[in-house]
Structure formats: C-alpha cells, structure tokens
Amino acid sequence: FGIHALLVVAVTLSPVTATAQSENDVTGEDVYPPLWHLAPENLLDFPVKDNKIVISAWNYQDRLGVYKSLLKASAKYFDAFGPQNSGNILWGLPLQHGWQFHTGRLADHSGGTSCGYENGELLCQSVRSWWSSMNYYLAIIPFLGAVEAGLFGQLPYEIEILPPEEQKDDFCYNVKDCWSRMPELMDDWKAFFEVNNCSSFKLDDALGLMWKAHTTSIAYALPKFKNRLKYLSDPEANFGEDWANGVDFIAATHFSTDLLTTNSFQAFLPQRMLVEGDVLPSISDFSPEQNTVLVSLRALHKANKLTGGWLLKLWQKAMSTEAGRKVGRKLIEILVSS
C-alpha cells in the first residue's frame, strides 16, 4: 500500500509530468510568485540602519526579496540550464512561498490578529502560522548560509533580520547568531552555495546538496513548530505533516526545482487551506489530481510511520546513486506514458 502511494505521488509530481504540462500551461507573469515584481532584488534595496542591512522576515514582500536576491546572485551559475535564469534550482523556494501566501497559509490562524488577511495587514506573515514559521528555515537560513558562502561578495554592511513580536527564541537573526545556534543547518546551506560558486558543477550534485539542506531544515523545524498546528483545522494540520514527510521522498530523487517544473508541480497542490468537513478523496472544489495527491501523501505518511521510517529508507537506498535515480525516473516516465 505504501509503495503504491509512493508511485502515485511520484507519477503525479514527476518532472516528466511537470515538464509536459509547463510547456502548455505556464506562460507570462503566472510563472512568478505573487507580487514578485515589487520585491527588492538587491540587498542594498533593503533599508540600511546603524550600518546594517535590515530585513523584515515577517513581511511577505521582504521575505520574497530575500529569495529574489538569492536568485539574482546565483543566476550566472545556472545559465546553461535555461533562459532568463529559469533553470535555477532555487526557484522552488520562492514559488512554494508564493503558493503559501496565495492560499492564505501565512496568516494568523489563531484568530488573535488581522496579520495576513486582506481586510487587515495583507503582507504580514504571522509567527503563529505553522507554514510561515516552517518557511523561515527555508528562507532566512539559506540566505544567511549564502551570505557566509560569499555568494554576494564582500558586503559593505552586516545583515540583520528583524525578530517577530513574540516567540523570538524560535529563530536566529544574523550569521553569527545562526552559526552558534544551528551550525548543521548553516553548514549544509553554505555547502550548497559553495558548490555553486565553482566554475563548473554537476546539476545532480547541486540538487543533492540543495535537497540535503532542505530536508535538514524541515527536520529541525518540525518539532519546534508542532505547537502551531493547533491553530489549523485537522485536515490542514494533517496535510502540513503529510507535505513535510512527502518532501523527504521527493528529495531522494533529486527532483528538479527549476521555474517551470515547480510551477507545474504546484498545480497539484490545494489552492486553498483545508477546513473541517473536507473529506478525502472527494473535496468538490479540488481537481481529481489534487484529491489524488492529498490522499497519496496521507497514505505515504501513514505507511512510513507504520514501518518506523523503513519505507523512506528503502526508497532512499534505491535512489542513492545517480544510476539508481535515473532508473527511478525512467520507471516514472514509463508509468506516465502508459
């Protein structure tokens, strides 16, 4: 049952499917995260105060600007993989964040503030949001790792991330602070950006390092933010944990997170938050593919828990070599074409 669920997820979300769909469906401005054109793209576009570049990580536009600066600074390393930086594998991060913003997942779901709502502070990202807090470790930590790796060259100022209004101890705010509190995370992201700084690198190697850092960030953040799940409906909380588990399986294949592939992948994710009363696999305003993905992620998570993580280890072992990953992708291609 677990392997069947895994294959359904792999087939539905495979790069083969995504690439085929992207050529037909993804055009123009739709490929970018919401408000992408308004986000800062250079670090010096952020405010400078007391000789520090100050970034508000709890403002959607600022956090998007962190991603935009990363993409711009790393663009030269991905020229060979697609025009206009479309082959940059960092696109997966801001596009996921844009999906979270668009679907209302970054708002305050505790009901305590208007943070993140259209009739309140739309661009506010709530520290009470499970998704927003989790994403901090896939935005600010990679960014500070890139700063430490020299991706932006010699900066004239230090970087300082503004803390949230509450629960400040759950986060770190500058390179020194993050290195002292979470060295493994910083080291993994720094390693990824150092590889990209080389004049030539294999895309598969870069994807491997990126996914290693990505999954390490999620594994670190999951127990830290478990208390935020109480603000979500049961179906949404389950989906969040299913999503986090599914990332481990996707990561093992070195799934390509370029612009077009990620866009097509996200078409299969729920385009609103799940609420009480949403029953899988028959949520009426979700497409059949979206229902299928949600059911499959749920089944995959359950099967992995029942086997004590054995299912993931089995999959990772099968995908542990480049040859194995090629076989896996070929299998997926056959399944899709049939």
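Residues numbered from 1 in each chain as written. Predicted model: local features only at pLDDT ≥ 70, side-chain atom pairs only at ≥ 80, totals over all residues. Heavy atoms only, no water.

**With respect to the packing of helix 12 (residues 288–306) against helix 13 (residues 310–318)**
Move 1: Remark: helix 12 packs on helix 13, axes separated minimally by 6 Å, with the N-to-C direction vectors making an angle of 100°. Of the possible angle classes, the one that applies to helix 12 and helix 13 is roughly perpendicular. Across the interface between the two elements, Leu300, Ala303 and Asn304 from helix 12 touch Trp310, Leu311 and Leu312 from helix 13.
Move 2: Tallied by class, the residues present in the contact of helix 12 with helix 13 amount to 5 nonpolar, 1 polar and no charged. (Axes fitted to C-alpha atoms, helices over the stretch in contact; angles between N-to-C directions. Helix = DSSP H or I, 4+ residues; strand = E, 2+ residues; numbered from the N terminus. Parallel < 35°, antiparallel > 145°, perpendicular 65-115°, else oblique. Contact = heavy atoms within 4.5 Å. Nonpolar A, V, L, I, M, F, W, Y, C, P; charged D, E, K, R; others polar.)

**So, the pairing of strand 2 (residues 52–56)**
Move 1: Relative to strand 2, strand 1 (residues 48–49) is paired through 2 bridges, and the arrangement is antiparallel. In the sheet register, Val48 faces strand 2, and the bridge partner there is Ile53.
Move 2: The pairing of strand 2 with strand 3 (residues 158–162) spans 5 bridges and is classified as parallel. Along strand 3, the bridge assignment pairs Lys52 with Glu158. (Pairing = 2+ DSSP bridges.)

**Structural notes on the environment of Tyr67**
Move 1: The residue Tyr67 is located in helix 3 (residues 60–74) in this model.
Move 2: Owing to a relative accessible area of 2%, Tyr67 belongs among the buried residues under this scheme.
Move 3: Once the C-alpha coordinates of Tyr67 and Leu93 are considered, the two residues, 26 residues apart in sequence, prove to be 7.5 Å apart.
Move 4: With sequence-adjacent residues up to four places away left out, Tyr67 is seen in contact with Trp36, Leu93, Pro94, His97, Asn135, Leu138 and Ala139. (Buried < 20%, exposed > 50% of the residue type's maximum accessible area, 1.4 Å probe, protein only.)

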